[in-house]
Amino acid sequence: MIAGLGDLSASLAVSAVGSAIGCGIAGMAAVGAWKKAYAQNKAAPFILVAFVGAPLTQTIYGLILRNAIKGSTEKLGDAFTAALQAQYLGLGLVAGIAIAASAIFQGKAAACAADALGETGKGFGNYMMVLGIVETVALFTMVFAMTALP
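Residues numbered from 1 in each chain as written. Predicted model: local features only at pLDDT ≥ 70, side-chain atom pairs only at ≥ 80, totals over all residues. Heavy atoms only, no water.

Draft legend 1. How the structure looks around the packing of helix α4 (residues 82–120) against helix α5 (residues 124–147). At a closest axis distance of 9 Å, the pairing of α4 and α5 adopts a crossing angle of 180°. Classified by the angle their axes make, α4 and α5 are roughly antiparallel. (Axes fitted to C-alpha atoms, helices over the stretch in contact; angles between N-to-C directions. Helix = DSSP H or I, 4+ residues; strand = E, 2+ residues; numbered from the N terminus. Parallel < 35°, antiparallel > 145°, perpendicular 65-115°, else oblique.)

Draft legend 2. Inspection of α5 at higher detail. Taking 1.5 Å of rise per residue, 24 residues should cover 34 Å, and α5 covers 35 Å from first to last C-alpha, within 8% of that figure. Residues of α5 that are buried sit in contact with α2 (48–53), α3 (57–76) and α4. (Expected span 1.5 Å × (residues − 1). Contact = heavy atoms within 4.5 Å.)

Draft legend 3. Main features of the nonpolar core. Counting residues in hydrophobic clusters, the biggest one holds 14 residues, and the most contacted among them are Leu-48, Phe-51, Ala-110, Ala-114 and Leu-131. Among all residues touching Ala-110, those that are not within four sequence positions of it are Ala-26, Phe-51 and Leu-131. Judged by nonpolar contacts, the second largest core, of twelve residues, contains Leu-65, Ile-69, Ile-99 and Met-142. (Core = buried A, V, L, I, M, F, W, Y, C linked by side-chain atoms within 4.5 Å. Buried < 20%, exposed > 50% of the residue type's maximum accessible area, 1.4 Å probe, protein only.)

Draft legend 4. Quick look at the packing of aromatic side chains. Per the stated rule, a full pass over the model turns up three aromatic pairs. Consider the rings of Phe-51 and Phe-124, whose centres lie 5.5 Å apart with planes at 40°: the pair is tilted. Placement of the pair is Phe-51 in helix α2 and Phe-124 in helix α5, with a sequence separation of 73 residues. Among the residues examined, Phe-124 registers a relative accessible area of 30% and is labelled partly exposed. Relative to Tyr-127, the ring of Phe-51 has its centre 6.3 Å away and its plane inclined at 65°; by these criteria the two rings are edge-to-face. Placement of the pair is Phe-51 in helix α2 and Tyr-127 in helix α5, with a sequence separation of 76 residues. When its relative accessible area of 0% is taken as the criterion, Phe-51 is described as buried. Of the aromatic side chains, those joined through ring pairs into one cluster are Phe-51, Phe-124 and Tyr-127. (Phe/Tyr/Trp six-rings, centres within 6.5 Å; stacked < 30°, edge-to-face > 60°.)

Following this line, the structure appears as structure tokens:
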């Protein structure tokens, strides 16, 4: 194994950044929806927290992929060359970017959902289905990247 390799955590780090951005976007919309409710002396729907937390799962996918990459490098042992290190780092980075994009756009969709639910009090199941579809991109990315490992 190459000295100083670390654990090739690009997939985890980049996906976590996407999760943070997505949660921030959704969180701002939830706060706005709560503000509107309070201004109208209406009950603020706590369920909006589900939308805020939705992008967090992409960090888990980045971690699972990082662990798979790390396990693959350990299995290779001395056969893990600098060229393979670059390939694994590239795989983790590209997959991390795709997972992060899923988290960011899930946060944007969640922001719209928070606004709509806060305004109407209806449609929670429909909004969650949209968030699930956006999340599927991250799941597919993780699985397909893992199939690229030896």
